[in-house]
Structures are given as C-alpha cells and as structure tokens.
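Close look at the chain arrangement
Spelled out from the first residue to the last, the chains are:
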Amino acid sequence: MSALGGAKPAGGSTGIAPIPAIISLVIFVIIFALMYRLGTPLAMTALIGIVIGGLLIGFGVHFVPVGGAPAAMGQAPGIATGVAMLAAGGGLAGLFGGAWAASQGTLVAVVTGAIGGGLMLAITCFFVNFVYIYGMGIPAASGKVKKDPITGDTQPEYKSQGTEGHGLPFVSFVGGVIGGLLGGAGGTLIYLMLLDVYQATLPGVMKATAVQIAPVAVSLAGMFAIGIFLVIAVLAAYNITGTIEGPHDPKFKRFPRALIASAVASALCGVAAILLVMV
Amino acid sequence: MSVKIEVIEGGIPHQKILIAGLVLAVIGLYLSYLNVIVGTQIFAFFGGLAAIAALIWGSHTIKILASYGIGTGVPSAGMIAFGSGVIAFLFATKFGLYAPIVAIILAAVIGAILGYLANEVLAMHIPVMIKSLTEMAVVGALTLMGFSAMISGSFTFSALTTGSTKVLGMSLPSYQTSYIGGALIATVFLLGAIAIQHGFNACLGPGWKQDRMLMLTAECGFLSMMVAAVMSAALISPAAAILSFIIGLLGWYYTYMKYIELSKRDAAAWLDMKPIPEVEGH
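An account of the accompanying structure is given in this report. (Residues numbered from 1 in each chain as written. Chains lettered and ligands numbered in written order. Predicted model: local features only at pLDDT ≥ 70, side-chain atom pairs only at ≥ 80, totals over all residues. Heavy atoms only, no water.)

On to the overall build of chain A. Scanning chain A from N- to C-terminus turns up eight helices and zero strands. Helices and strands in chain A line up, N terminus first, as α-α-α-α-α-α-α-α. With respect to the principal axes defined by its C-alpha atoms, chain A has extents near 65 × 45 × 30 Å. Per-residue burial over chain A gives 56% buried out of 279 residues. Partitioning the intrachain contacts of chain A with sequence separation of at least 6 by distance along the chain shows that 73% fall at a separation of at least 24. Total accessible area computed for chain A in this model is approximately 11300 Å², and 72% of it derives from carbon and sulfur atoms. Positive and negative side-chain charges in chain A, numbering 11 and 7 respectively, have mean positions lying 13 Å apart. (Helix = DSSP H or I, 4+ residues; strand = E, 2+ residues; numbered from the N terminus. Buried < 20%, exposed > 50% of the residue type's maximum accessible area, 1.4 Å probe, protein only. Contact = heavy atoms within 4.5 Å. Areas by Shrake-Rupley, 256 points an atom, 1.4 Å probe, with all protein chains shown as cover. Lys, Arg positive; Asp, Glu negative; His and termini not counted. Charge placed at Lys NZ, Arg CZ, Asp CG, Glu CD.)

What follows is the structure in structure tokens.
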C-alpha cells in the first residue's frame, strides 16, 4: 500500500503503464469478439459508434476548466464545481439537444448535440467570469502559464499572492467550449447508435409495431447514453484528480491513458446495452 | 494521492454493513415478487425497502472510498455508481425471476473492470478502489431495481416496458404508460444517485459519526421512497401506492427525528431557533 506517497510533482505522472494497457486491450478485443459472435452487422457498427462517442467524451472532459472548491473561494482558476457535475451539465444538455434532431440524420444530430453542449458550457463560462469580475471583484489570471497561449496576455501581474490564479482566462474559456462541443457530440453519438439498434430490434423482441415501441426505444437509448456518459466522465475526472485549468494545464498531457480507459469502459457498457435486445 | 486521511473508529465494521445491505436488498426484491405470485400489487413497497437497504450499504462504501481523497468530490461517486448500475440493471431485467442475481453478478463485473481501469490505467493506486467501485455498481443496480419494483410492481423487462390504458372501457396495452416508456427511470436514477451520496457529503469531516451518516442516508432513502410512491400511482393500484407512501412517510418521520437527535448529540452547542422569531411589543 503506497499510503505515504507524499506530494506529487505538478502534473503528476503522465505516462501509460504498459501491463495495464495490454490487459485493457485484451478486454477490449474480447468484448468486440463477443459482439462479432453474437450480434449483427448493425450491432457491430453501433458498438464502434459507441466507442467513438466514449473517446470524444473522455477527451472532451480534459478541456473543461474545473476549479472545484478552491475556485468557489476565488483561489484557483476554473468553474467552481466538480468534473462530474460540469460534464453532466454540458454533455447532457448536448445529448438532449441532439436527441431532438435525431430524425434528421446522424451528422445533423451529432452537430446539434455538439452545439448544445458547447453553448451550455459557453453560457456557464460567461457567467462564471461575470460573477468573478463584477461580483467578487477579481481579474481572470492563470496560475499555470506565464502567457495566455491564445491571446498572449501576461498572467502573473494579475495573480493574487497565495492563490493558484483565479477566474477564467481566455484559454480556459475556449477550453470549456471545446469540451462542451466534444462531450455533446459524443453523448449524442452514443444515443443515436443505441436508438438505431433498438428501433430495428425492439419490434421483434416485444412483438409490437415500430410506432408503439418508439417511447421505449427512446427511453432505453437515453438511459444507457446517460449511464455510459456518466461512467466515462467520472473516469476522466479520476484521471485529472479533481481540478484542471484547461488545455494549457500540465495535467492535460495525461489524456492518452483516459482514452484507453474510455474506450474499454464504453465498449463494456455498450455491449451490455446492445445485448439487451440481441441475445 | 492515496493518503488515507480518516480511519473508521468503532461503529459497525464495513463487512457487516455490506452483507446486511446485500441480503436485505435481495430479500426485499424477492418479497416484492410476491405480487406476481399472489396476483396483487400491494407488496410493491418491499422494493422501496430493498432500495433503502442498498443505499445505506452504498453510503458506507462511499465513505470508505472517499476517505482516500479521490479529489473529484463525493457526488461523482454517486454518479459512477448509478451510471454503471443502470446498465447492469436494464440488462438484467430480461432474466425474469433471476433478474436480481444477474444484476448483482453483471454489476460486479462492470464495477470491477471500471475499478481496474481507474486504479491501474488511470494510475489512481487506491487500495480499496476496485472493491469500492464493484460494491457501488451493485448498489446502483439493486437500488434502481428496488425502486422499479416499487413503482411498476415488478422487475421484469416486459412489466417495465408495458403498461395499459383504458380506452372506451377496454384495457389496451400501452408502451408509453410504462416505467421505461414513460422515462420514470430517469427520475429514479437521480433520486437514487442523490440519496446515495448525500449522507456522506453532508456528514463528512472531523466530527463524522457512522450512525449519524447512515441515519441521514436512510432518511434520504425514505424521502426518495415517498416521491417514488407518488410516481407509482400512475402505474399500480391506488391502494398499493398509498400503502407505499404511508410506509415511506412513517420511515421518513422516524429517521428524520432520529437524525435530529443524533445531530444534537454530536453538535458542540444547539440553539433551538424558532422558524419565525416573535417580535416583541405585539
């Protein structure tokens, strides 16, 4: 038990441990083999779509500036809540937006979902800065970089002593919107893939017409999409261990291992969701 | 990262809570199955009691996991518990009578793999991670199954997706007036996810006491049970829904008073403030 780990260097370890990565790959291959053995080509396409959606969510979470409790006191940059809450807010807003456009085709729906998620996070980021600047009277300043990578504005002059920075610098704002776009697109893609599978198979399973089972198909696809979304969002949150400033944060470099975890987790949950109507 | 900041002193050991929660939840679920055997809906409330037993167990698991400082906030634990639980629960419903057993096994497999991913691939290295995520996925699945049995009277796929509506005196099958088709499951998902994490989220800190936290979780569980009873009026007979509601109300009242008592016991000082202070001179 590595109980006495002590303080880790900034950014923590970013590498991928080889043996767990290989074991994850084996689990991933077993899941796909199981799907190939039991499912139809439609199910296989759906599972691939779910994994792509999972990767988008897992990658997108790393962009969102999460401040946690220190941000609520203006002592760290970011939005003052946890990763799971923010990802759920942005991603599920996107998912609901995309679900409205489901009948217009995959591409339109996914783009709509991305815009929904991005818009949700843009509004959140805007009001976070509004409250910080006009409510608490503090400027936006990053604690992790000397210059904003996008605007080139210098940061240390505006940073209060004893804090990690505060508010949302421009790069964090952009990161939040990108995270919302990716999360919303991923969540919608998972929903659409499952909806296709259920609409094709449920009439046979439940011995009813496609119109009759539509509410069940929508509800099942929605619940599974929310479940998969939350699992991946929390795993990605575990990867960044709490707070991150955005794409310029050193912790952002940890994303490759979150992609491995997201791929395996989405395949695992997706195969259960598809086999519900296949076996 | 994995420095354990609090230890559990005294109180009931976790193993006992785990076994009690698991056994009571499974017994409660099968007692709710009496509905199908006897041909009534009056035993639906056993599902709610099963869910509360699972929630109390889950709350203690969150305490064990969160005492290692996972850094993502306590609510995230509730979200992953129900995110993985809902997948196991929905898949298990197709196995009819064996649904609770299948749900436990499948949730344990999903939870263990997620725990492995978190611990090894994401390099969390928390000793209890795999065990805790396994337990929480099972808790999530059992809680959802318990509330489902309470709202729709059964936990099988056909019962959860098929309801009936009366048109001109005839009873027709309707998929919209059902637990899943009507998306009542989405409400239950968050009712459970909030109830499982609130106990520890509200009671954590240096003054943490096991009995107080578990009592608060039971109170949240009964509160959720009351809401679920109101929703169940749409799907099961009014008598069964009212019985569930009364049991929820009595349980909530008892646990709430008990929780206030325990809070007074653990508080440094207690000022019994009236809701609206009386102004002098009236």
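Having seen it, we continue.
Tallying secondary structure elements over chain B gives ten helices and two strands in all. Relative to the compact-globule value of 19 Å for 282 residues, chain B shows a C-alpha radius of gyration of 20 Å, a close match. Overall, chain B is about 70 × 65 × 25 Å in size when its C-alpha atoms are taken along their principal axes. Here chain B holds 282 residues, and the buried ones make up 57% of them. A separation threshold of at least 6 residues defines the contact pool for chain B, and within that pool the share at least 24 residues apart is 73%. Roughly 11700 Å² of accessible area belongs to chain B as shown, and the carbon and sulfur atoms make up 70% of that amount. (Rg over C-alpha atoms; globule rule 2.2 N^0.38 Å.)

The next subject is the interface of chain B and chain A. If you look at the interface, chain B gives 45 residues, while chain A gives 46 residues. Looking only at chain B, the three residues that lose the most surface to chain A are I87, L122 and Y175 of chain B, adding up to 17% of its buried area. Between chain B and chain A we count zero salt bridges in total. If you look at where chain B meets chain A, you find three residue pairs in polar contact (both at pLDDT 80 or more). Elements represented by at least two residues in the side of chain B that touches chain A include exactly α4 (74-92), α5 (99-121), α6 (129-152), α7 (157-161) and α8 (184-203) of chain B. (Buried area = accessible area lost by both parts, 1.4 Å probe. Salt bridge = Lys/Arg side-chain N within 4 Å of Asp/Glu carboxyl O. Polar contact = N/O pair within 3.5 Å; in protein donor to acceptor, adjacent residues only side chain to side chain.)

Glancing now at the environment of V26 of chain A. As for its position among the elements, V26 of chain A is in helix α1 (residues 18-38). Put simply, V26 of chain A and H166 of chain A are 140 residues apart on the chain and 43 Å apart in space, counted from C-alpha to C-alpha.

As a further point, take the packing of aromatic side chains. Throughout the structure, instances matching the rule amount to 18 aromatic pairs over all chains. Pairing Y198 of chain A with F224 of chain A gives two aromatic rings, centres 6.3 Å apart and planes at 35°, and the pair type is tilted. Here Y198 of chain A, found in helix α6 (residues 170-206), pairs with F224 of chain A, found in helix α7 (residues 210-239); they are 26 residues apart in sequence, far enough to count as distant. The same class applies to Y198 of chain A and to F224 of chain A, which are both buried. A centroid spacing of 5.4 Å and a plane angle of 45° characterise the contact between F252 of chain A and F255 of chain A, whose relative ring orientation is tilted. With relative accessibility at 13%, the residue F252 of chain A sits in the buried group. Through a chain of ring-to-ring contacts, the aromatic side chains of F59, F63, F252 and F255 of chain A assemble into a single cluster. Positioned above the aromatic ring of W208 of chain B is the side chain of K63 of chain B, whose terminal nitrogen or guanidinium carbon lies 4.2 Å from the ring centre. (Phe/Tyr/Trp six-rings, centres within 6.5 Å; stacked < 30°, edge-to-face > 60°. Lys NZ or Arg CZ within 6 Å of the ring centre and 35° of its normal.)

Phi is positive for K207 of chain A, close to 55°, though the residue is something other than glycine. Relative to the assigned elements, K207 of chain A resides in the loop between α6 and α7. Owing to a relative accessible area of 72%, K207 of chain A belongs among the exposed residues under this scheme. The backbone of A183 of chain B shows a phi angle near 60°, a positive value even though the residue is not glycine. Relative to the helices and strands, A183 of chain B is located in the loop between β2 (170-174) and α8.

Residue pairs spaced three or four apart in an α-helix point in one direction, given the helix's 3.6 residues per turn. All names here are of chain B. The end-to-end C-alpha separation of α6 is 34 Å, in line with the 34 Å expected for 24 residues at 1.5 Å each. By the criterion of burial, α6 is predominantly enclosed, with 22 of the 24 residues buried. Immediately downstream of α6, the backbone of G153 shows phi near 90°, a positive value. (Expected span 1.5 Å × (residues − 1).)

This brings us to the pattern of salt bridges. Pairing between side chains of opposite charge can happen when the charged atoms of each approach one another. Inspection of the entire model under this criterion finds six salt bridges over all chains. A cluster of three or more residues bridged by salt bridges with shared partners is formed by D211, R212, R265 and D266 of chain B.

Another aspect to go through is the side chain of H60 of chain B. Position of H60 of chain B relative to the elements: it lies in helix α3 (residues 45-66). Within the structure, H60 of chain B has its side chain in polar contact with the side chain of H14 of chain B (distance 2.9 Å).

Across its 18 residues, helix α4 (residues 83-100) of chain A extends 26 Å between first and last C-alpha, which sits within 8% of the 26 Å expected from 1.5 Å per residue. The inward-facing, buried residues of α4 of chain A contact α2 (41-61), α5 (106-136), α6 and α7 of chain A together with α4 of chain B.

This brings us to the environment of A210 of chain A. With respect to the helices and strands, A210 of chain A occurs in helix α7. Linking A210 of chain A and Y198 of chain A, residues twelve residues apart in sequence, is a C-alpha distance of 9.7 Å.

Membership of the largest hydrophobic core comes to 180 residues, with the highest contact counts inside it found for Y198, L202, L220, L235, Y238 and I274 of chain A. Examining the composition of this core, we find that 20 residues originate from one element, α7 of chain A, more than from any other. Sequence-distant contacts of Y238 of chain A, that is, excluding residues within four places in its chain, are made with L65, I70, T72, S76, I80, A118, L122, M124, M129 and L133 of chain B. (Core = buried A, V, L, I, M, F, W, Y, C linked by side-chain atoms within 4.5 Å.)

Let's shift gears to the side chain of S262 of chain A. All names here are of chain A. Here S262 shows up in helix α8 (residues 255-278). Take S262: its relative accessible area is 2%, and that puts it in the buried class. In terms of polar contacts, S262 uses its side chain to reach the backbone carbonyl oxygen of A258, at 2.6 Å. With near-sequence residues (within four places) excluded, S262 lies in contact with G54, L55, G58 and I232.

Moving on, we get to the packing of α1 of chain A against α8 of chain A. Residues and elements named next belong to chain A. Running from N to C, α1 and α8 cross one another at 25°; their axes reach a closest spacing of 10 Å. Relative to α8, α1 is oriented roughly parallel. In this structure, α1 crosses over α8, and the sense of that crossing is left-handed. Across the interface between the two elements, A21, S24, I27, F28, I31, F32, L34, M35 and L38 from α1 touch I260, A263, V264, A267, L268, V271, I274 and L275 from α8. Residue classes in the contact of α1 with α8 are distributed as 16 nonpolar, one polar and no charged. (Axes fitted to C-alpha atoms, helices over the stretch in contact; angles between N-to-C directions. Parallel < 35°, antiparallel > 145°, perpendicular 65-115°, else oblique. Left-handed = near helix turned anticlockwise from the far one by under 90°. Nonpolar A, V, L, I, M, F, W, Y, C, P; charged D, E, K, R; others polar.)

Spatial relationships are all this shows, so hold off on functional conclusions.
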